[in-house]
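# Remarks on the overall topology
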Amino acid sequence: TIFKTNTKVDSNSRGQMFTIVSRKRELSITSFDVMGKKNASGECVVYTRVGDFKGYEEDKSGWELIFQKTVETKQSVITNMGTLDREVRIPAKSKQAFYIYCKKGMLYMKGDNEGSPFDRDSSIIIKEGVGTRRLFRKLDRNAKYSGWIRYIISP
């Protein structure tokens, strides 16, 4: 299943932290698609942690690196990063935080209420997060992830 976020873009950063909530059933996140800031080839990483990211925006402890590859992004175009090193299982009615960081930058929609739900489908809710200028440093503004989330619903 592909969840396409319902946002436009009006800002950019190198990193975005956000939380996904599994609604009624267990699911596994398999990949992300990002909207590139420019046409460029650069390293992208994805980290995850159980629960929320709040309080860990500038603290790497407790985060697990689940993706690290060179990604060829296209300016203002959705680009699949590739399959995560492992699927990230989210039990029903549970939260999982993600941190996507691409050295060449990503686009997103400015947010106004960190932690509030801003988009959903029948299986997941995505909550407003924050942008970062450096890896686990230099917090920017509230951010609504503008991209696709690929996942599998558990039987």
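Check the entry above for the structure.
By convention here, each chain's residues receive numbers from 1 onward along its written sequence. Side-chain atom pairs in this predicted model are given and counted only at pLDDT of 80 or more, local residue features only at pLDDT of at least 70, and totals for whole chains, interfaces and linings cover all residues. Water and hydrogen atoms play no part in the side-chain values, which are based on all heavy atoms of the structure.

With respect to topology, 4 strands assemble into an open sheet ordered β1-β11-β3-β6, the strand pairing being antiparallel. Each edge of the sheet is formed by a strand with only one pairing partner; in this case those strands are β1 (2-4) and β6 (78-90). Neighbour to neighbour, the strand axes of the sheet diverge by 25° on average, direction disregarded. Only strands joined by at least two bridges in the DSSP assignment are considered to pair. Secondary structure follows DSSP: runs of H or I at least 4 residues long count as helices, runs of E at least 2 residues long count as strands, and numbering of each begins at the N terminus. With 7 bridges joining them, strand β3 (residues 27-35) and β6 adopt antiparallel strand pairing. Counterpart to D33 in the pairing with β6 is N80. Note on definitions: angles span 0 to 180 degrees between N-to-C directions of axes, and those axes are lines fitted to C-alpha atoms, for helices only across the stretch in contact.

For the purposes of this analysis, a disulfide is any pair of cysteine sulfur atoms at a distance within 2.5 Å. Counted under the stated rule, the structure contains 1 disulfide. The disulfide partner of C44 is C102, and the gap between their sulfur atoms is 2.2 Å. Every disulfide takes its handedness from the sign of the S-S torsion; for C44 and C102 that torsion is 120°, giving right-handed. On the criterion of sequence distance, the pair formed by C44 in strand β4 (residues 40-50) and C102 in strand β7 (residues 95-110) is long-range, its members being 58 residues apart.

To continue, consider the packing of aromatic side chains. Think of it this way: a Phe, Tyr or Trp ring, Trp meaning its six-membered ring, pairs with another when their centres are within 6.5 Å, and the plane angle makes it stacked under 30 degrees, edge-to-face over 60, tilted otherwise. Per the counting criterion, the structure on display carries 11 aromatic pairs. Ring geometry for Y47 and F136: centres 5.1 Å apart, planes at 75°, overall edge-to-face. In this pair, Y47 sits in strand β4 while F136 sits in the loop between β9 (124-134) and β10 (137-145), placing the two residues 89 residues apart along the sequence. F136 shares its class with Y47; the two are buried. Three or more aromatic residues joined by ring pairs form one cluster here, namely Y47, W63, Y99, Y101 and F136. When the ring centre of W148 is taken as reference, the NZ or CZ atom of K4 above it lies at 4.5 Å. Whether a charge sits over a ring depends on NZ of Lys or CZ of Arg being within 6 Å of the ring centre and within 35 degrees of the ring normal. Positioned above the aromatic ring of W63, the side-chain terminus of R49 is 5.7 Å from the ring centre. When accessible area is computed with a 1.4 Å probe and restricted to protein chains, residues below 20% of their type maximum are described as buried, those above 50% as exposed, and intermediate ones as partly exposed.

Before going further, it helps to examine the nonpolar core. Among buried residues, the Ala, Val, Leu, Ile, Met, Phe, Trp, Tyr and Cys ones that are joined through side-chain atoms within 4.5 Å form a nonpolar core. In this structure, I29, F32, M81, F98 and I100 are the most contacted members of the largest nonpolar core, which totals 26 residues. Counting residues per element, the ones that place at least two in this core are β2 (11-22), β3, β4, β5 (64-73), β6, β7, β9 and β11 (147-153). Note on contacts: a residue pair is in contact if any heavy atoms of the two residues lie within 4.5 Å. Those residues in contact with I100 that lie beyond four places of it in its chain are R14, G15, Q16, F18, F32, V34, V45, V46, M81, M106 and Y145. Membership of the second largest hydrophobic core comes to 10 residues, among which are Y47, F53, A97 and F136.

Our next topic: a positive patch on the surface. A patch consists of residues exposed above 30% relative accessible area that lack any salt bridge, with like charges linked at up to 9 Å and nonpolar side chains (Val, Leu, Ile, Met, Phe, Trp, Tyr) linked at up to 5 Å. Calculation of accessible area relied on Shrake-Rupley with a 1.4 Å probe; when residues are assessed, cover is drawn exclusively from the protein chains displayed. Salt bridge, as used here, is a side-chain nitrogen of Lys or Arg placed within 4 Å of a carboxyl oxygen of Asp or Glu. Neither His nor the chain ends contribute to the count of charged residues, in which Lys and Arg are positive and Asp and Glu negative. Charge positions are represented by NZ for Lys, CZ for Arg, CG for Asp and CD for Glu. Taken together, the side chains of R14, K37, K38, K104, R134, R137 and K138 make up a positively charged region of the molecular surface. Tracing the chain through its elements places K104 in strand β7. By relative accessible area, which is 32% here, K104 ends up partly exposed.

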